[in-house]
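Coordinates in review
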Amino acid sequence: MPLLAADPVTVLPEQRQALEHLIRTHSTPQQLALRARIIVQAADGMGVRASARELGVWPKTVRYWCKRWRKAADRQSVPERLADAQRSGAPATFTPEQICALVAMTCEKPSESERPISHWSQREIADEAIRRGLVPNISQRSVGRFL
């Protein structure tokens, strides 16, 4: 069975500079640095299997990111090309600010909210968050997940 050659990956000099910067910078998220290494190795002519073996990933992962690089629009920056794709699914029901406000509310004593209880329950937290207008509606189950 003949070996299939991978499609070549073209990297412009300024793109290569940006890729190497991502690889060297310590604050770069590890997944982004890994993807940058995949593209640099592909641009240097390293094979899919050899690159996958060296980086400790599946060959399918190397093929996927090389394909994403080739199909990216020319106007996209290097980090945009290596970013995660949009995921399907419903948008979040609660904003991070709402969740923080709800958690902060639970740090207060229930008596300060004129509740005749000594400790918050998930149901009481949900009722109080709705009463205060932090959220239009929330279940005790959601409260439990946030806490």
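Parameters and conventions
- Residues numbered from 1 in each chain as written.
- Predicted model: local features only at pLDDT ≥ 70, side-chain atom pairs only at ≥ 80, totals over all residues.
- Heavy atoms only, no water.
- Salt bridge = Lys/Arg side-chain N within 4 Å of Asp/Glu carboxyl O.
- Helix = DSSP H or I, 4+ residues; strand = E, 2+ residues; numbered from the N terminus.
- Buried < 20%, exposed > 50% of the residue type's maximum accessible area, 1.4 Å probe, protein only.
- Polar contact = N/O pair within 3.5 Å; in protein donor to acceptor, adjacent residues only side chain to side chain.
- Contact = heavy atoms within 4.5 Å.
- Core = buried A, V, L, I, M, F, W, Y, C linked by side-chain atoms within 4.5 Å.
- Disulfide = S-S within 2.5 Å.

As a further point, take the pattern of salt bridges. With the rule as written, the count across this model stands at ten salt bridges. Ionic pairing is found between Arg-35 and Asp-84, a salt bridge with its closest N-O pair at 2.7 Å. Within this pair, whereas Arg-35 is found in helix 2 (residues 30-43), its partner Asp-84 is found in the loop between helix 5 (78-82) and helix 6 (96-106), the two being separated by 49 residues in sequence. Assessed through its relative accessible area of 10%, Arg-35 is described here as buried. Residue Glu-128 pairs with Arg-131 through a salt bridge whose shortest N-O separation is 2.5 Å. With Glu-128 and Arg-131 both in helix 7 (residues 122-132) and three residues apart, this pair spans about one turn of that helix. By relative accessible area, which is 53% here, Arg-131 ends up exposed. Each of Glu-108, Arg-115, Glu-124, Glu-128, Arg-131 and Arg-132 takes part in a single network of salt bridges with overlapping partners.

This paragraph deals with the side chain of Arg-81. Mapped onto the elements of the fold, Arg-81 is located in helix 5. A polar side-chain atom of Arg-81 sits 3.2 Å from the main-chain carbonyl oxygen of Ala-73. For Arg-81, the contacting residues outside a window of four places in its chain are Gln-15, Trp-65, Arg-68, Trp-69, Ala-72, Ala-73, Asp-74 and Gln-76.

What follows is about the side chain of Ser-142. Among the secondary structure elements, Ser-142 is positioned in helix 8 (residues 140-146). Ser-142 sits in the buried class, given a relative accessible area of 7%.

Membership of the largest hydrophobic core comes to 21 residues, with the highest contact counts inside it found for Val-9, Leu-19, Ile-38, Ile-39, Val-62, Trp-69 and Leu-82. Every element with two or more residues in this core is listed here: helix 1 (13-24), helix 2, helix 3 (48-55), helix 4 (59-71) and helix 5. Filtering out sequence-adjacent residues up to four positions away, Leu-19 remains in contact with Val-11, Ala-36, Ile-39, Val-40, Trp-69, Val-78 and Leu-82. Trp-120, Val-135, Ile-138 and Val-143 belong to the second largest nonpolar core, which has ten residues in total.

This part is about the state of the cysteines. Between two cysteines, a covalent bond joining their sulfur atoms is known as a disulfide. Inspection of every chain in the model, using the stated rule, returns zero disulfides. Counting only cysteine sulfurs, Cys-100 is the nearest neighbor of Cys-107, a cysteine outside any disulfide, at a range of 11 Å. Owing to a relative accessible area of 67%, Cys-107 belongs among the exposed residues under this scheme.

Keep in mind that these numbers describe shape and distance, not what the molecule does.
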